[in-house]
Amino acid sequence: MIELRQTLSTASDQPDSVGIAQQLCQALEDDIVKGKLPPGQRLEEPLLAKRFGVSRTPVREALQLLTATELAEKIPNRGVYVSLATPERLTAMFESMAELEGMCGRLAAKRMTSGERHNLEKIHHDLAQTVRHGDSDNYETLNRAFHNALYRGTHNDVLVDVTLSVRRRVAPFRRVQFQSLARLTSSHEEHQGIVDAILRGDVKAAEELLYGHIMSVHDISQDYLASLRTDKAAEKPSDKVMIAK
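Just so we're clear, the structure is a prediction, and the values are computed from it rather than from any experiment.

A separate point is the overall build of the protein. On a plain count of helices and strands, the protein comes out with nine helices and two strands. Considering only contacts within the protein whose residues lie at least 6 apart along the sequence, 74% involve residues at least 24 apart. In the form shown here, the protein has an accessible surface area of approximately 12600 Å², with 52% of it arising from carbon and sulfur atoms.

We now examine unusual backbone geometry. Among all residues except glycine, the phi angle is most often negative; among peptide bonds, the trans geometry is most common. The backbone of Asn-77 sits at a positive phi, close to 65°, despite the residue not being glycine. Take Asn-77: it is sitting in the loop between β1 (72-75) and β2 (79-82). A residue is classified by how much of its surface remains accessible, and Asn-77, at 84% relative accessible area, is exposed.

Turning to the nonpolar core, a few remarks are in order. If you look at the biggest cluster of nonpolar residues, it comprises 44 residues, and the most contacted ones within it are Leu-28, Leu-43, Leu-63, Leu-66, Phe-94 and Phe-173. Of all elements in the fold, only α1 (16-33), α2 (45-52), α3 (56-68), β2, α4 (87-111), α7 (157-174) and α9 (203-234) reach the threshold of two or more residues within this core. Not counting the four nearest positions on each side in its chain, Leu-43 is found in contact with Leu-37, Leu-48, Leu-63, Leu-66, Ala-72, Val-80 and Val-82. Counting 20 residues, the second-largest nonpolar core is a separate cluster that includes Tyr-139, Ala-149, Ala-205 and Leu-210.

Note on aromatic pairs: each is described by the distance of the centres and the angle between the planes. One pass over the full model with this rule turns up one aromatic pair. Ring centres of Tyr-139 and Phe-178 lie 5.6 Å apart, and the angle between their planes is 55°; on these two criteria the pair is classed as tilted. Here the residue Tyr-139 occupies a position in helix α6 (residues 136-152), and Phe-178 occupies one in the loop between α7 and α8 (181-199), the gap between them amounting to 39 residues. Here Tyr-139 and Phe-178 have matching classes, each one buried.

Our next topic: the side chain of His-213. Position of His-213 relative to the elements: it lies in helix α9. In this view, His-213 contacts His-147, Arg-183, Ser-187, Glu-190, His-191 and Ile-194; residues no more than four positions away in its chain are not counted.

Maximal helix bending in α7 amounts to about 45°, located at Arg-168; proline Pro-172 follows within four positions. Of the positions making up α7, those classed as buried are Leu-159, Val-160, Thr-163, Val-166, Arg-167, Val-170, Ala-171, Pro-172, Phe-173 and Arg-174. A side-chain oxygen of the first residue of α7 lies 3.2 Å from the backbone nitrogen of Val-158; this N-cap is Asn-156.

Glancing now at α6. Its 17 residues place the ends of α6 24 Å apart at the C-alpha level, agreeing with the 24 Å of an ideal helix rising 1.5 Å per residue. Every buried residue of α6 is accounted for by Tyr-139, Glu-140, Asn-143, Phe-146, His-147, Ala-149, Leu-150 and Tyr-151.

Looking now at the side chain of Glu-140. Of note, Glu-140 is situated in helix α6. According to the relative accessible area criterion, Glu-140 is buried, its value standing at 16%. Contact partners of Glu-140, with chain neighbours within four places excluded, come to Gln-26, Arg-175 and Phe-178.

Under the defined criterion, the tally for this structure stands at 14 salt bridges. The salt bridge involving Asp-30 is made with Arg-175; its shortest N-O contact spans 2.8 Å. With Asp-30 in helix α1 and Arg-175 in the loop between α7 and α8, this pair connects stretches of sequence that are 145 residues apart. In terms of burial, Asp-30 and Arg-175 fall into one category: buried. In this structure, the salt-bridge partner of Arg-51 is Asp-31, at a minimum N-O distance of 2.8 Å. A residue pair is termed long-range when its members are at least 10 positions apart, and Arg-51 in helix α2 and Asp-31 in helix α1 qualify at 20 residues. Shared partners join several salt bridges into a network, and the residues in it are Glu-29, Asp-30, Arg-168 and Arg-175.

Criteria and thresholds
Residues numbered from 1 in each chain as written. Predicted model: local features only at pLDDT ≥ 70, side-chain atom pairs only at ≥ 80, totals over all residues. Heavy atoms only, no water. Helix = DSSP H or I, 4+ residues; strand = E, 2+ residues; numbered from the N terminus. Contact = heavy atoms within 4.5 Å. Areas by Shrake-Rupley, 256 points an atom, 1.4 Å probe, with all protein chains shown as cover. Buried < 20%, exposed > 50% of the residue type's maximum accessible area, 1.4 Å probe, protein only. Core = buried A, V, L, I, M, F, W, Y, C linked by side-chain atoms within 4.5 Å. Phe/Tyr/Trp six-rings, centres within 6.5 Å; stacked < 30°, edge-to-face > 60°. Bend = angle between axes of the 7 residues up to and from the residue. Polar contact = N/O pair within 3.5 Å; in protein donor to acceptor, adjacent residues only side chain to side chain. Expected span 1.5 Å × (residues − 1). Salt bridge = Lys/Arg side-chain N within 4 Å of Asp/Glu carboxyl O.

No statement about biological role is implied by the geometric values presented.
Structure follows, in structure tokens:
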């Protein structure tokens, strides 16, 4: 994991404290999803502040963001503990995400302007370059831009807000797929079908393809988390406090 202090120069255009908290939250999300921070481990503000070289304020804000993703749970009078979603909960989150993205695809196919369609094609072309170079980091960034372009293409601000809110919950699990070059290739191929449907105004195909695109990520995430649980079960039991979900 890249230390937070090394990435501050790439912060978003949001206020510094908010940008730092979001970066810190993403770092913790990745550690949890990758199994570096196991379920039941306490997330202590002083230790995290020291680790990342920041004050406790952004750490506190990051933990609040983390609990919103359900990757951590705040227990009254005890603190914040790592908590990994159950398979059933993960499926519920991805089904919601898939339905919303499918709706976005349907409306985008109907409402996108010629300029918006051209922009979508350009992002898709840029994604192809990252696949050829095996650049997973830039693929993730451009993938987010690709989906954002679809959201904006709905011309429905309420739908965009709801979709972004749900995406925030599944984002840590969506990032898992980018660890595999083979998945980058298949993801881009799925995007090709979506772009083709959007360009020809095929609302049904755009909706169905986006739904399937998201649910394929669900399957990858479930398999990955199942492997984490298997690995942890094989380890010697620790004295960490486990959270019942």
